[in-house]
Amino acid sequence: MSYFTEKQDSSSLDEIFPDFSPFERAISYPYYAPGYSFSFYKGSFVKGICHNLDNRIPILSVGSNRSPYQLKRKFSLNADICVTPAILYDSDIVYSASISAYGSMPSTQWPCEGVSVNLNVLWLQENQLNKMHLTEGLGIAYDFVKLKSGTVKIQDFEFKNDIYGYVSVPGVFPFGLKTPKRLSSIHAQNTSLTNLSEKNALISLKDFLNIKDMDLKLWLEKVIKNQEYRLSIHEI
């Protein structure tokens, strides 16, 4: 399947591939995601579907894998990948009870009847999927699962086969009220959960850990640079 290609101009690419500092990268999760199909094709970011999707594995992206910025970091522009818009039904996207190697609180699905979320689906070849499993910490940070039939709708074309996704192994972060909070940067309809930015979610986690001797930037620097400390957070 290949029906439209259009290279982005340099001004658009500045938004798609920002030059983040480590702190900016941590607090900017899950990053900008276009509302249209896109591909990495012959070393360029291209608008549209440029690859045959028939033998690829469709994976619902609920966090940074929605973003060309993150996909470039994981695969490079030389990887032939494709992303198509999709809607997730009867779930919302909330903060996971974990922290990534780059200092962000990642996301996961949470059952919410009647909610619909604008996301996208990443179409990977098998060797690309194996690489994605490594970046997702398969079995430690996320499990790879087949999603319930009918809960994901591809927007550009009809698709009735299986769609897969990653769900958080440690579950959701409960915050003070013992209820999850959703990522404010991901649009949803009919949600009743409280929106929270990544930066404020990280501040809540820092407060939960009773970190009082460092500001957020200094604490995140420790999280990013000190793997032993970062892993200890998951044990609390």
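Higher on the page you've got the structure.
Definitions and cut-offs
All residue numbers refer to position in the chain's written sequence, counted from 1. Per-residue local features are limited, in this predicted model, to residues with pLDDT of at least 70; the limit for side-chain atom pairs, both in listing and counting, is 80 or more; totals at the level of whole chains, interfaces and linings are taken over all residues. With hydrogens and water excluded, all non-hydrogen atoms of the structure serve as input to the side-chain values. Only DSSP runs of H or I with at least four residues qualify as helices, and only runs of E with at least two residues qualify as strands; both kinds are numbered from the N terminus onward. A radius of gyration in this sense is built from C-alpha atoms; the matching globule rule multiplies 2.2 Å by the number of residues raised to 0.38. Accessibility here uses a 1.4 Å probe with only protein chains present; expressed as a share of the type maximum, an area under 20% marks a residue as buried, one over 50% as exposed, and anything in between as partly exposed. Any pair of residues with heavy atoms lying within 4.5 Å of one another is described as a contacting pair. A pairing counts as a salt bridge when a side-chain nitrogen of Lys or Arg comes within 4 Å of a carboxyl oxygen of Asp or Glu. Each aromatic pair joins two rings of Phe, Tyr and Trp (for Trp, the six-membered one) with centres within 6.5 Å, and gets the label stacked for planes under 30 degrees apart, edge-to-face for over 60, and tilted for any other angle. Placement of a charge over a ring requires the Lys NZ or Arg CZ to be within 6 Å of the ring centre, with the centre-to-atom vector within 35 degrees of the ring normal.

1. Some words on the overall build of the protein chain
If you tally the helices and strands in the protein chain, you get seven helices and twelve strands. Scaling as 2.2 N^0.38, a compact globule of 236 residues should have a C-alpha radius of gyration of about 18 Å, and the protein chain matches this with 18 Å. On the principal axes, the C-alpha backbone points of the protein chain span a range of 55 × 40 × 30 Å. Within the protein chain, the fraction of its 236 residues that count as buried is 49%. Contacts in the protein chain between residues far apart in sequence, at least 24 positions, make up 74% of those at least 6 positions apart.

2. Observations regarding the pattern of salt bridges
Tallied over the full model, the rule gives five salt bridges. Residues E136 and K74 are paired through a salt bridge, measuring 2.6 Å at the closest nitrogen-oxygen approach. Separated by 62 residues along the polypeptide, E136 in the loop between α4 (126-135) and β7 (142-146) and K74 in helix α3 (residues 68-75) bring together distant segments of the chain. Judged by relative accessible area, which is 12%, K74 ranks as buried.

3. Concerning unusual backbone geometry
Between Y29 and P30 the backbone carries a cis peptide bond, its omega angle lying at 5°. On the secondary structure map, P30 appears in the loop between α2 (22-28) and β2 (38-41). Positive phi, normally seen in glycine, also occurs at S76, with a value near 80°. Position of S76 relative to the elements: it lies in the loop between α3 and β5 (81-95). On the basis of relative accessibility, which here comes to 28%, the residue S76 falls in the partly exposed class. Here the phi dihedral of D90 falls at roughly 65°; this positive angle occurs in a residue that is not glycine. Take D90: it is sitting in strand β5.

4. Considering the packing of aromatic side chains
Considering all chains together, one arrives at 17 aromatic pairs under this definition. Judged by centre distance (5.9 Å) and plane angle (35°), the rings of F20 and Y31 are tilted. Pair noted here: F20 is in the loop between α1 (10-16) and α2 and Y31 is in the loop between α2 and β2, with a separation of eleven residues, a long-range link. Centroid distance F144 to Y166: 5.1 Å. Interplanar angle 50°. Geometry classified as tilted. Placement of the pair is F144 in strand β7 and Y166 in strand β9 (residues 164-168), with a sequence separation of 22 residues. Taking the relative accessible area as the measure of exposure, Y166 reaches 5% and is therefore buried. The ring of Y102 carries the charged tip of R25 above its face, separated from the ring centre by 4.0 Å. Just above the ring of Y36 sits the side chain of K47; from NZ or CZ to the centre is 4.7 Å.

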